[in-house]
Amino acid sequence: MIREAKKTDAFEIADVHVSTWRHSYRGIMPQTYLDALCSETRSKSWGSRIEDPNTYIKVYTVGDVICGFIAGGVCRDENLAGFDEIYAVYVLPGNQRNGVGLALTMAFLDEHPNSCSLWVLADNISAVKFYRSVGFHPDGHTKKITIDGKELEEHRYIRLSPNNREHKTRR
Ligand SMILES: CC(C)(COP(=O)(O)OP(=O)(O)OC[C@H]1O[C@@H](n2cnc3c(N)ncnc32)[C@H](O)[C@@H]1OP(=O)(O)O)[C@@H](O)C(=O)NCCC(=O)NCCS
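These remarks concern the structure in this document.

Procedures and definitions
Residues numbered from 1 in each chain as written. Predicted model: local features only at pLDDT ≥ 70, side-chain atom pairs only at ≥ 80, totals over all residues. Helix = DSSP H or I, 4+ residues; strand = E, 2+ residues; numbered from the N terminus. Rg over C-alpha atoms; globule rule 2.2 N^0.38 Å. Buried ≥ 20, exposed ≤ 12 C-beta atoms within 10 Å, placed from the backbone. Contact = placed C-beta atoms within 7 Å. Near = placed C-beta within 6 Å. Nonpolar A, V, L, I, M, F, W, Y, C, P; charged D, E, K, R; others polar. Pairing = 2+ DSSP bridges. Axes fitted to C-alpha atoms, helices over the stretch in contact; angles between N-to-C directions. Parallel < 35°, antiparallel > 145°, perpendicular 65-115°, else oblique. Left-handed = near helix turned anticlockwise from the far one by under 90°. Expected span 1.5 Å × (residues − 1). Arc of directions from axis to C-beta.

Details of the overall build of the protein chain
Moving on, step 1. A count of helices and strands for the protein chain gives five helices and seven strands.
Moving on, step 2. Ordered by position from N to C terminus, the α and β elements of the protein chain give β-α-α-α-β-β-β-α-β-α-β-β.
Moving on, step 3. Taken over the C-alpha trace, the protein chain has a radius of gyration of 16 Å; the compact-globule value for 171 residues is 16 Å, and the two agree within 12%.
Moving on, step 4. For the protein chain, the spread of C-alpha atoms along the three principal axes comes to 45 × 35 × 30 Å.
Moving on, step 5. For the protein chain, buried positions account for 27% of its 171 residues.
Moving on, step 6. Long-range pairs, those at least 24 residues apart, make up 63% of the contacts in the protein chain with a sequence separation of at least 6.

Put into structure tokens, the structure is as follows:
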């Protein structure tokens, strides 16, 4: 079942975030960084985001347990005016490839009919395949981020709404 996130979900959301990062980013992000991730610390920032009316956060539950979530809102990139953005979508490793990510993403896209963007690590091949399967494609914009001294490349992906097929981004 998909429902809106509540303030009391903050720790569980943070735990999904941390567990998923540890599993999916092993070998991509520095191990020292992954080992140091802390659900308790992350739950504070997730608590603030849940309370922020401009941030959309929905969770996917099985029984009472949160096994995935999506966060999004207005696109943060200045050269994509009018776009929405998926900020994060994470599914617990044991629940992946069961349609959870797809259900969360389609819920977001149904409620956000504008064109949509997201940033994904270039090395996160499975996420890239997932995003391509739901209609996103790279628009050529890249950025470098540095995590614990390791430089990583992110690629921007977009999905145009039917009424924005002529879109060209400014570089
Ligand atoms: C990426 C992620 C959100 C996808 O969610 P999911 O629940 O595992 O994916 P779904 O089961 O909904 O997949 C839907 C479709 O996407 C495609 N897909 C998803 N994962 C894929 C993979 N690893 N390889 C190839 N195709 C994939 C398939 O077409 C799939 O349909 P199918 O299973 O019928 O073939 C999830 O795997 C995840 O949390 N990964 C780790 C964290 C992450 O990378 N998040 C994105 C950060 S930018």
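Overview of the site of the ligand
Moving on, step 1. Residues in contact with the ligand amount to 19 residues; listed here are only the nearest, Gln 96, Gly 101, Leu 102, Ser 126 and Lys 129.
Moving on, step 2. Elements with a minimum of two residues in the shell around the ligand: helix H1 (10–24), strand E4 (84–91), helix H4 (100–111) and helix H5 (125–133).
Moving on, step 3. Sorting elements by how many residues they give to the shell around the ligand places H5 first, with five residues.
Moving on, step 4. Class assignment for the residues of the shell around the ligand results in eight nonpolar, nine polar and two charged.

So, the sheet that holds strand E6 (residues 137–147)
Moving on, step 1. On the basis of which strands lie adjacent, the open sheet formed by seven strands has the order E1-E2-E3-E4-E5-E7-E6 and mixed pairing. The open sheet has two edge strands, strand E1 (2–4) and E6, and neither has a second partner. The mean angle between the axes of side-by-side strands here comes to 30°, regardless of whether they run parallel or antiparallel.
Moving on, step 2. On top of the sheet, H5 reaches strand E5 (116–121), E6 and strand E7 (150–159); it is set at about 160° to E5, its chief contact.

Side note on the packing of H1 against helix H3 (residues 39–51)
Moving on, step 1. Closest axis-to-axis distance for the H1/H3 pair is 8 Å, and the angle between their directions is 120°. Our classification of the angle between H1 and H3 gives oblique. Crossing of H1 over H3 shows right-handed handedness. Taking contact as the criterion, the partners of Ala 10, Phe 11, Ile 13, Ala 14, Asp 15, His 17 and Val 18 in H1 are, on H3, Ser 39, Arg 42, Ser 43, Trp 46, Gly 47 and Ile 50.
Moving on, step 2. In terms of residue class, the contact of H1 with H3 is made up of seven nonpolar, four polar and two charged.

Description of H4
Moving on, step 1. Here H4 contains 12 residues, and its C-alpha end-to-end distance of 17 Å stays within 8% of the 16 Å for a straight helix at 1.5 Å per residue.
Moving on, step 2. Three or more residues of H4 are buried, namely Val 100, Gly 101, Leu 104, Thr 105 and Phe 108. Buried residues of H4, seen end-on, are gathered within an arc of 125° and therefore sit on one face of the element.
Moving on, step 3. Each element contacted by the buried residues of H4 is listed here: E1, strand E2 (56–62), strand E3 (65–74), E4 and H5.

A word on unusual backbone geometry
Moving on, step 1. Residues other than glycine seldom take positive phi values, yet Arg 97 does so here, at roughly 60°.
Moving on, step 2. One can find Arg 97 in the loop between E4 and H4.
Moving on, step 3. At Asp 148, a position not held by glycine, the phi torsion is positive, near 45°.
Moving on, step 4. Tracing the chain through its elements places Asp 148 in the loop between E6 and E7.
Moving on, step 5. Looking at Asp 148, the number of C-beta atoms within 10 Å reads 11, which means it is exposed.

Notes on the environment of Arg 156
Moving on, step 1. Here Arg 156 is to be found in strand E7.
Moving on, step 2. The buried category is assigned to Arg 156, around which 21 C-beta atoms lie within 10 Å.
Moving on, step 3. Once the C-alpha coordinates of Arg 156 and Asp 139 are considered, the two residues, 17 residues apart in sequence, prove to be 6.2 Å apart.
Moving on, step 4. Sequence-distant contacts of Arg 156, defined by excluding residues within four places in its chain, comprise Ser 117, Trp 119, Pro 138, Asp 139 and His 141.

On their own, these measurements won't tell you what the molecule is for.
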